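Spelled out from the first residue to the last, the chains are:
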Amino acid sequence: MKKAASRISSLVINFFLFFTSLCFMVIPIGYTDFWERYPIYIPEFIMCIAFIVISLVLPFGANFLLYRFWFKKAGMSKLWIVIPLLGTYLILFFGVIVFLMAIPDWGNFTWQVQ
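Residues numbered from 1 in each chain as written. Predicted model: local features only at pLDDT ≥ 70, side-chain atom pairs only at ≥ 80, totals over all residues. Heavy atoms only, no water.

### Here we look at the side chain of S9
Mapped onto the fold, S9 is located in helix α1 (residues 2-31). Take S9: its relative accessible area is 17%, and that puts it in the buried class. When sequence neighbours within four positions are dropped, the list of residues in contact with S9 reads W70 and F71. (Helix = DSSP H or I, 4+ residues; strand = E, 2+ residues; numbered from the N terminus. Buried < 20%, exposed > 50% of the residue type's maximum accessible area, 1.4 Å probe, protein only. Contact = heavy atoms within 4.5 Å.)

### Brief notes about a nonpolar patch on the surface
On the surface, a cluster of nonpolar side chains totalling about 530 Å² of accessible area is made up of F60, F64, L65, F69 and W70. Among the structural elements, F64 can be located in helix α2 (residues 42-71). (Patch = residues over 30% accessible without salt bridge, like charges linked within 9 Å, V, L, I, M, F, W, Y side chains within 5 Å. Areas by Shrake-Rupley, 256 points an atom, 1.4 Å probe, with all protein chains shown as cover. Salt bridge = Lys/Arg side-chain N within 4 Å of Asp/Glu carboxyl O.)

### Quick notes on the packing of α1 against α2
At a minimum axis distance of 8 Å, the contact between α1 and α2 shows a crossing angle of 170°. With respect to α2, the element α1 is oriented roughly antiparallel. For the contact of α1 with α2, a count of residues per class yields 18 nonpolar, 8 polar and 1 charged. (Axes fitted to C-alpha atoms, helices over the stretch in contact; angles between N-to-C directions. Parallel < 35°, antiparallel > 145°, perpendicular 65-115°, else oblique. Nonpolar A, V, L, I, M, F, W, Y, C, P; charged D, E, K, R; others polar.)

### What about the packing of α2 against helix α3 (residues 79-102)?
Running from amino to carboxyl end, α2 crosses α3 at an angle of 180°, the nearest separation of the two axes being 12 Å. One finds that α2 runs roughly antiparallel with respect to α3. On α3, the residues that touch F45, C48, I49, I52, S55, L56, V57, P59, F60, N63, Y67 and F71 of α2 are I81, L85, T88, Y89, L92, F93, V96 and F99. Its residues assigned to classes, the contact of α2 with α3 shows 17 nonpolar, 3 polar and no charged.

Given below as structure tokens:
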């Protein structure tokens, strides 16, 4: 019973982490809409990169801590952590590609400090 409850909670937690990371990934993609018409401000670009890093680190860090302190004691396999992480990172890396492709002509930027 303890293992079944841990598996169900693992799915719920990974589902929540997926959408939280996806929200952090949507913020930089939303900012790239303004970059076609206006000069790119360096602090905005750094902020977008920070959001992308947070969205990539959050699921791994949370799952690592959950496995170390909870799932390992419940006797769960590491596959309950690896498979949701692979699914999450597959979609998040697609978001990174969309972010990079949404920026028109990297060489023709007008970078401004603000």
